[in-house]
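Architecture and fold: a report
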Amino acid sequence: MILAGIARLASLSTSLLSKSSASYSLLPTRSLLNRSSGGLVHFDYTINPYRGCEFGCKYCYARYTHEFMELRQPLDFETRIFVKQFSPSSFRHELAAISLRDHIAIGTATDPYQPAERRYRLTRSILEVLSSGRGRRISLTTKSDLVSRDADLLARIARSNVLHVNFTITTMEARLARLIEPRAPRPDLRIRALAALSGRGVPAGVFACPVLPWINDSYESLYEVARAASQSGAKYFGAGTLFLKPCAGRVFLPFLEQEFPHLAARYKRGYARSPFLQGDYPKLIEDRAEAVRKQFRLEKRASAYQPEDGADPQLTLFGP
Ligand code: SF4
């Protein structure tokens, strides 16, 4: 097969490290900023410092990104991690070419604070460049408490830019989280990181996404996540029903057969025609989320705020 584009670059990548759970390779990149395809998302550019994600969440919709590299085994996404080549000066040029009003979302198809970040510090390098600018709109999404390592940098960015850090927390039950997000940090560690960032003045919130029907969808479950979020300084809270792309289904459905066999047929029926669950269920979850938001006086999404140094009072950033 003749490989082109990102598949060719992946085939040429240099091996950096191989361990029992994952291998890391250096991926040459033409640009770090990727124009968002629009659609359901509310940001203009994305930055994904890595390709693949070792956290290996069973429902992960980003697995398709490895298919572009002709890596099609279901677990390739979580075992073959690519570290993007990074040049601060090239990144500065890329930033100079886009509008200050463009929303840059970090971590839309990989976790920027997955285990690779401890070693390669790529996310930190990106934040260092961003911290030297002002007046931008930036958001970052993670499941990792490693983000608190960069609290100083994030606080500096938040003083001169509109910044929001989104934590994904699907359940406060450590045992369930271990099952569905096998290598992601425990929910209580994420909450602790949220408190650390909030304490430094970094606007942050929590998304209980995805809500997995009949698994983590009870009012009590959402209540517990929102309660912990609120007590740790979260400003906003959201929840959304599982979006099951075919690439995610190839991992998630066998997982269900094994761990929740009584639910497998219901899921297959529910997601037979679309990656979006049809019927009243999504509205039911939105209503539950709204009820817990009211309970804890949380916003639905990141809302406007004025950076401390008054970079631009008009800036408004809408949540994912
Ligand atoms: S943390 Fe995000 S990108 Fe990583 S495996 Fe989980 S859902 Fe996918």
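Residues numbered from 1 in each chain as written. Predicted model: local features only at pLDDT ≥ 70, side-chain atom pairs only at ≥ 80, totals over all residues. Heavy atoms only, no water.

1. Comments concerning the overall build of the protein chain
- Helices and strands together make up the secondary structure of the protein chain, namely 13 helices and 11 strands.
- Each of the three principal axes of the protein chain carries a C-alpha extent, and together these read 55 × 55 × 35 Å.
- The buried share of the protein chain, reckoned over its 320 residues, is 52%.
- For the protein chain, contacts bridging at least 24 residues in sequence account for 78% of all contacts bridging at least 6.
- As presented, the protein chain carries roughly 14,600 Å² of accessible surface, and 50% of it is formed by carbon and sulfur atoms.
- Computing the positive centroid from 45 side-chain charges and the negative centroid from 30, the protein chain places the two 3 Å apart. (Helix = DSSP H or I, 4+ residues; strand = E, 2+ residues; numbered from the N terminus. Buried < 20%, exposed > 50% of the residue type's maximum accessible area, 1.4 Å probe, protein only. Contact = heavy atoms within 4.5 Å. Areas by Shrake-Rupley, 256 points an atom, 1.4 Å probe, with all protein chains shown as cover. Lys, Arg positive; Asp, Glu negative; His and termini not counted. Charge placed at Lys NZ, Arg CZ, Asp CG, Glu CD.)

2. A closer look at the sheet that holds strand 1 (residues 14–18)
- With mixed pairing, four strands are arranged side by side in an open sheet as 1-2-6-5. Both outer strands of the open sheet, strand 1 and strand 5 (50–51), are each paired with one neighbouring strand and no more.
- Note: strand 5 against strand 6 (residues 80–84), two bridges, orientation antiparallel. Residue pairing across strands places Y50 opposite V83, the latter belonging to strand 6. (Pairing = 2+ DSSP bridges.)

3. Some words on the sheet that holds strand 10 (residues 204–211)
- Taken together, seven strands build an open sheet; the order of strands is 3-4-7-8-9-10-11 and the sheet is mixed. A single partner strand is all that each edge strand has here, and the edge strands are strand 3 (34–35) and strand 11 (236–241).
- The pairing of strand 7 (residues 103–106) with strand 8 (residues 137–142) spans four bridges and is classified as parallel. Looking at the pairing, I104 lines up with I138 of strand 8.

4. Describing the environment of A10
- Here A10 is to be found in helix 1 (residues 5–12).
- Taking the relative accessible area as the measure of exposure, A10 reaches 10% and is therefore buried.
- The sequence separation of A10 and S25 amounts to 15 residues, and the corresponding C-alpha distance is 8.5 Å.
- In this structure A10 touches L27, M69 and F82, once residues within four positions along its chain are discounted.

5. Quick word on the site of the ligand
- In the neighbourhood of the ligand, the contacting residues comprise C53, F55, G56, C57, C60, T110, D111 and K143.
- For the shell around the ligand, the per-class residue count stands at four nonpolar, two polar and two charged. (Near = heavy atom within 4 Å. Nonpolar A, V, L, I, M, F, W, Y, C, P; charged D, E, K, R; others polar.)

6. Describing helix 7 (residues 151–160)
- Within helix 7, seven of the 10 residues are buried, which leaves the element mostly enclosed by the surrounding structure.
- Looking only at helix 7, the buried set comprises A151, L153, L154, A155, I157, A158 and S160.
- Residues of helix 7 that are buried make contact with helix 6 (122–130), strand 8, strand 9 (162–168) and helix 9 (187–199).

7. Concerning the pairing of strand 2 (residues 23–27)
- Two strands pair when backbone bridges link them, and strand 1 and strand 2 are joined in this way by four bridges, in the antiparallel orientation. When the sheet's bridge partners are listed, L17 is paired in strand 2 with Y24.
- As paired elements, strand 2 and strand 6 share five bridges and run parallel to each other. Along strand 6, the bridge assignment pairs S23 with R80.

8. Side note on the environment of V202
- Structurally, V202 can be placed in the loop between helix 9 and strand 10.
- Distance in space between the C-alpha atoms of V202 and G233 is 9.6 Å, their sequence separation being 31 residues.
- Discounting residues that sit within four places of it in the chain, V202 has contacts with A151, L154, A155, A158, L163, V165 and L197.

9. Some thoughts on unusual backbone geometry
- The amide bond that connects C209 to the next residue, P210, takes the cis arrangement and shows omega of 0°.
- With respect to the helices and strands, the residue P210 is situated in strand 10.
- One non-glycine residue, R121, lies in the positive phi region at around 50°.
- Structurally, the position occupied by R121 is in the loop between helix 5 (116–120) and helix 6.
- Phi angles above zero are rare outside glycine, and R297 is one such case at about 55°.
- Mapped onto the secondary structure, R297 falls in the segment after helix 13 (281–296).

10. Focus on the side chain of S36
- Looking at the secondary structure, you find S36 in the loop between strand 3 and strand 4 (45–47).
- On the accessibility criterion, S36 (15% relative accessible area) is buried.
- Among the polar contacts made by the side chain of S36, one reaches the main-chain carbonyl oxygen of F43 at a distance of 3.1 Å. (Polar contact = N/O pair within 3.5 Å; in protein donor to acceptor, adjacent residues only side chain to side chain.)

So far we have only geometry, and geometry alone does not tell us how the molecule works.
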